[in-house]
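# Residue-level structure breakdown
The primary structure of each chain is shown beneath.
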Amino acid sequence: MNFRRATLRITTTAMAVLSLTLAACGGGSGEAPPAIPAAVVVPAAPVVTITNNVAAETATGDIVFTFSFNRDVGTSFTADDVTVTGGDKGAFARTSGTAATLVVSPPANSTGTVVITVPDGAVTDAGGAANVAVTAQKAFDTTVPPPPPPTGGTVTFSTGFAAGNRTAEGGEFGGFSGSNLDGYNCNGDPANCGSGGEFVPAQAAADSYFFYYHQTPTPAADLYMGIYVQAPGVTGGFSPSADTPGVQLTTQTMLKFKLGQNAEWFGSTTNNFMIVMDLGKRYDVSGNTCRLQLRRVVTPTAAAATDYEIALDSFALVQDCAGAVTSVAQALAASPISQISFQGVGGGIALSDGTRTSGANLSVPNGAGVYPTTLVLVGGISFTSPPAALEFSTGFAGSNRTVEGGEFGGFSGSNLDGYNCNGDPANCGSGGEFVPAQAAADSYFFYYYQTPTPAADLYMGIYVQAPGVTGGFSPTADTPGVQVTTQTTLRFKLGQNAEWFGGATNNFMIVMDLGKRYDVSGNTCRLQLRRVVTPTDAAASDYAIPLDSFMLAQDCAGAVTSVAQALAASPISQIAFQGVGGGIALSDGTRTSGANLSVPNGAGVYPTTLVLVGGITID
């Protein structure tokens, strides 16, 4: 029923429309309908949006601009349709009919703004509609920042000497001298002063050298002379009104160079030479230019050119520019080093660094009857950082293992028990506090050996094996360990009982057993180093022992001839700290080891005890 009504309604409506249409077409008095104006279609213009790939507020290099269109513009858009100011157009790429990219390079070493414009009518779509101008911009800064200061390792001041009084790095070098005999200014006559050397490229940089001499016909009362070397690229000395560039130190702690002097000067009683480091930062002190200066007097070890390593913290701050800095460390942090000189300064103008006094040759003639003071500088000058520390152990854990899994324990004996303690606590024993109940640095292990009466011969000690090493040494193969490279110092924290420390034989001994196996006449041999130490306190104290102060106690039939060769040839597999006294006491050539053979405790026994706290490092 609803369907029929709907059909009837539509039909009636259609008839009404038809009737109206016919009337409109009629004649008679009917008027013609008004004319319908022609339709005008205005096509929409293509719209371009410009973006770039630099998220930061300021670009520091090339900028990639992207052009995005709201409709396809085909091939009508090219690089020529883009106007660029403040930069140079680079690669252009049309990625689709609605997108393209353009690389723009800002000018080098400058600041400014790149402005990109797509002018009116530069682009049309398929229907011929043209764009409206659009502009975008991006700030840039391409100035080259100074290189960040090095944060470790070796910093080079120079690598060697080249021609034209320039180092291989372009720094100026030369000599200077004078004495009371020439008005404190040598006239350049070769009979009085002069220089020479062998330079790059005729000589390798490390072997290049420069020498300078000053000689007097009679002994001088006052004399100065020296060699100066300026930092890379620095020539002509210091700017009178601005900072002077140089080499900026960060973690470096040592100055390294190779220097020699003439035999006459070296053989005299005033053979110390002086190092002067002038820093480049300019300070204004009452309207005058001031620069920080550090000095260090060095006692030479040989006349021949010799390698020196001088700790920077051993220099004296001799010019602080009215308190601009108060220490050597502050000076080196505040300013780069612009010039280094090596000098002989003697007689009435000799200088001190607070510990040593500089010198020159004022008393020893050469074969020609003159009094020469000569310096020769070989190769480069550098600053070095401390080597990375090697962790032999960081502390004591349970089950007689270090945190690194190396075995540790104690040993002892004397003439009173057949040189082998029976383990009775009345005679020997151990204890401590270990990880994880205690922090590694505070963990400790102690071992004691005590006798009811004074022993004639006694040994005891604590041994610690390298990371992962247990059960001692392999009888047939190399044993792993910690390999020393540039490290120079053994560090540990050790204490001993008051009775032993208060006795006359309180020195303890360090034994380092190396892991490499040597076959000597069919028998296993391992290199061994020893060092006897005089304790500084009974309480556990920090010790830093130079590796080169050890003695090569076992060389395995001449497999090595020095401590340095031994440490280069083999890792360290075990370190022991020992008390060895009486008839079996040992020497390292300077000191003799000891044990407590004479001082009883409150219980009337004679204890020798060692406690090792925390880790063992080699740095």
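Rules behind the numbers
Residues numbered from 1 in each chain as written. Predicted model: local features only at pLDDT ≥ 70, side-chain atom pairs only at ≥ 80, totals over all residues. Heavy atoms only, no water. Helix = DSSP H or I, 4+ residues; strand = E, 2+ residues; numbered from the N terminus. Rg over C-alpha atoms; globule rule 2.2 N^0.38 Å. Buried < 20%, exposed > 50% of the residue type's maximum accessible area, 1.4 Å probe, protein only. Contact = heavy atoms within 4.5 Å. Areas by Shrake-Rupley, 256 points an atom, 1.4 Å probe, with all protein chains shown as cover. Lys, Arg positive; Asp, Glu negative; His and termini not counted. Charge placed at Lys NZ, Arg CZ, Asp CG, Glu CD. 1 Å grid on protein atoms, 1.4 Å probe; cavity = no way out; pocket = protein on both sides within 12 Å on 5 of 7 lines; lining within 4 Å. Points joined across faces, edges and corners; volume = space filled by probe spheres on them. Nonpolar A, V, L, I, M, F, W, Y, C, P; charged D, E, K, R; others polar. Phe/Tyr/Trp six-rings, centres within 6.5 Å; stacked < 30°, edge-to-face > 60°. Lys NZ or Arg CZ within 6 Å of the ring centre and 35° of its normal. Pairing = 2+ DSSP bridges. Axes fitted to C-alpha atoms, helices over the stretch in contact; angles between N-to-C directions. Salt bridge = Lys/Arg side-chain N within 4 Å of Asp/Glu carboxyl O. Disulfide = S-S within 2.5 Å. Polar contact = N/O pair within 3.5 Å; in protein donor to acceptor, adjacent residues only side chain to side chain.

## A look at the overall build of the protein
The helix and strand inventory of the protein stands at 5 helices and 41 strands. Over its C-alpha atoms the protein spans a radius of gyration of 43 Å, topping by over 25% the 25 Å that the globule rule assigns to 619 residues. Dimensions of the protein, computed from the C-alpha atoms along their principal axes, are close to 155 × 90 × 55 Å. In the protein, which comprises 619 residues, the share counted as buried stands at 42%. Of the contacts formed within the protein by residues at least 6 apart in sequence, a portion of 70% connects residues at least 24 apart. Looking at the protein as shown, the accessible area adds up to about 28900 Å², and 55% of this sits on carbon and sulfur atoms. Taking the 25 positively charged and 44 negatively charged side chains of the protein as two groups, their mean positions are separated by 11 Å.

## Remarks on the environment of Val-73
Among the structural elements, Val-73 can be located in the loop between strand 3 (63-69) and strand 4 (83-85). Sequence spacing of Val-73 and Ala-129 is 56 residues, and the spatial spacing of their C-alpha atoms is 9.5 Å. When near neighbours in sequence (up to four residues on either side) are disregarded, Val-73 contacts Pro-46, Gly-97, Val-123, Thr-124 and Asp-125.

## A few points about the layout of surface pockets
Where empty space is left becomes clear once a probe the size of a water molecule has been rolled over the atoms. Here the largest pocket is characterised by a volume of approximately 350 Å³. Lining the largest pocket are 15 residues, and of these Glu-309, Ser-385, Pro-386, Pro-387 and Thr-486 sit closest to its centre. Among the elements of the structure, strand 16 (254-261) and strand 33 (489-496) are those that each provide at least two residues to the lining of the largest pocket. Per-class residue counts for the lining of the largest pocket are 3 nonpolar, 8 polar and 4 charged. If you add up the space inside the second largest pocket, you get close to 290 Å³. The greatest single-element share of the lining of the second largest pocket, amounting to 4 residues, is contributed by helix 5 (residues 563-569). Taken together, the residues that form the lining of the second largest pocket break down as 7 nonpolar, 5 polar and 1 charged.

## What about the packing of aromatic side chains?
For the structure on display, the rule yields 24 aromatic pairs. Measuring from ring centre to ring centre gives 4.9 Å for Phe-173 and Phe-210, while their planes differ by 65°; the resulting arrangement is edge-to-face. One end of the pair, Phe-173, is in strand 12 (residues 173-179); the other, Phe-210, is in strand 14 (residues 209-216), with 37 residues separating them in the sequence. Over the ring of Tyr-283 we find Lys-281, and its NZ or CZ is 5.5 Å from the ring centre. Positioned above the aromatic ring of Tyr-518 is the side chain of Lys-516, whose terminal nitrogen or guanidinium carbon lies 5.5 Å from the ring centre.

## A few points about the sheet that holds strand 22 (residues 316-319)
Reading across the sheet, the 6 strands line up as 12-15-23-17-20-22 and stay open at both edges, with antiparallel pairing between neighbours. The open sheet has two edge strands, strand 12 and strand 22, and neither has a second partner. Along the sheet, successive strands turn relative to each other by an average axial angle of 25°, direction set aside. Pairing of strand 17 (residues 273-279) with strand 23 (residues 337-347), which is carried by 6 bridges, proceeds in the antiparallel orientation. Counterpart to Met-274 in the pairing with strand 23 is Gln-343.

## Examining the environment of Pro-607
The residue Pro-607 is located in strand 41 (residues 606-618) in this model. Residue class for Pro-607 comes out buried when judged on its relative accessible area of 5%. Placed 153 residues apart in sequence, Pro-607 and Pro-454 show a C-alpha to C-alpha distance of 9.5 Å. The residues touching Pro-607, leaving out its near neighbours within four places in the chain, are Tyr-449, Gln-450, Asn-497, Glu-499, Trp-500, Asn-596, Val-599 and Asn-601.

## Description of the pattern of salt bridges
Taken as a whole and assessed by the stated rule, the structure comprises 7 salt bridges. Across the pair Asp-619 and Arg-491 runs a salt bridge, and its minimum N-O distance is 2.8 Å. You can see Asp-619 sitting in the segment after strand 41 and its partner Arg-491 sitting in strand 33, a full 128 residues away along the chain. Overall, the relative accessible area of 37% leaves Arg-491 in the partly exposed class. For Asp-519, the salt bridge identified is with Arg-517, shortest N-O distance 3.7 Å. Here Asp-519 falls in the partly exposed class, since its relative accessible area comes to 49%.

## Notes on the sheet that holds strand 37 (residues 528-533)
Taken in spatial order, the 6 strands line up as 29-32-40-34-37-39 in an open sheet, and their pairing is antiparallel. The open sheet has two edge strands, strand 29 (408-414) and strand 39 (551-554), and neither has a second partner. Within this sheet the neighbouring strands show an average axis-to-axis angle of 25°, counted without direction. Pairing geometry for strand 34 (residues 508-514) and strand 40 (residues 572-582), over 6 bridges, is antiparallel. Within strand 40, the residue paired with Met-512 across the bridge is Ile-575.

## Examining the state of the cysteines
As enumerated under the stated definition, the model contains 4 disulfides in all. Going through the protein in sequence order and numbering each bonded cysteine, the pairs you get are 1-2, 3-4, 5-6, 7-8.

## Observations regarding the environment of Asn-272
When you line up the elements, Asn-272 lands in the loop between helix 2 (263-266) and strand 17. According to the relative accessible area criterion, Asn-272 is buried, its value standing at 12%. Separated by 12 residues in the primary sequence, Asn-272 and Gly-260 place their C-alpha atoms 11 Å from one another. Not counting chain neighbours up to four residues away, the residues in contact with Asn-272 comprise Trp-265, Val-297, Val-298, Thr-299, Pro-300, Arg-356, Thr-357, Ser-358 and Gly-359. A distance of 3.1 Å separates a polar atom in the side chain of Asn-272 from the backbone oxygen of Thr-357.

## Overview of the side chain of Ser-382
Summarising the element assignment, Ser-382 is placed in strand 25 (residues 381-384). Setting aside anything within four residues of it in sequence, one finds Ser-382 in contact with Thr-154, Val-155, Thr-156, Phe-157, Met-254, Leu-255 and Lys-256.

## Digging into unusual backbone geometry
A cis amide bond, omega 10°, links Val-200 with the succeeding residue Pro-201. Looking at the element boundaries, Pro-201 is found in the loop between strand 13 (193-198) and strand 14. Backbone geometry places Ser-521, a non-glycine residue, at a positive phi of 55°.

## So, the side chain of Thr-384
Summarising the element assignment, Thr-384 is placed in strand 25. The exposure class assigned to Thr-384 is buried, which follows from its relative accessible area of 12%. In this structure Thr-384 touches Gly-153, Thr-154, Gln-252, Thr-253, Met-254 and Lys-256, once residues within four positions along its chain are discounted.

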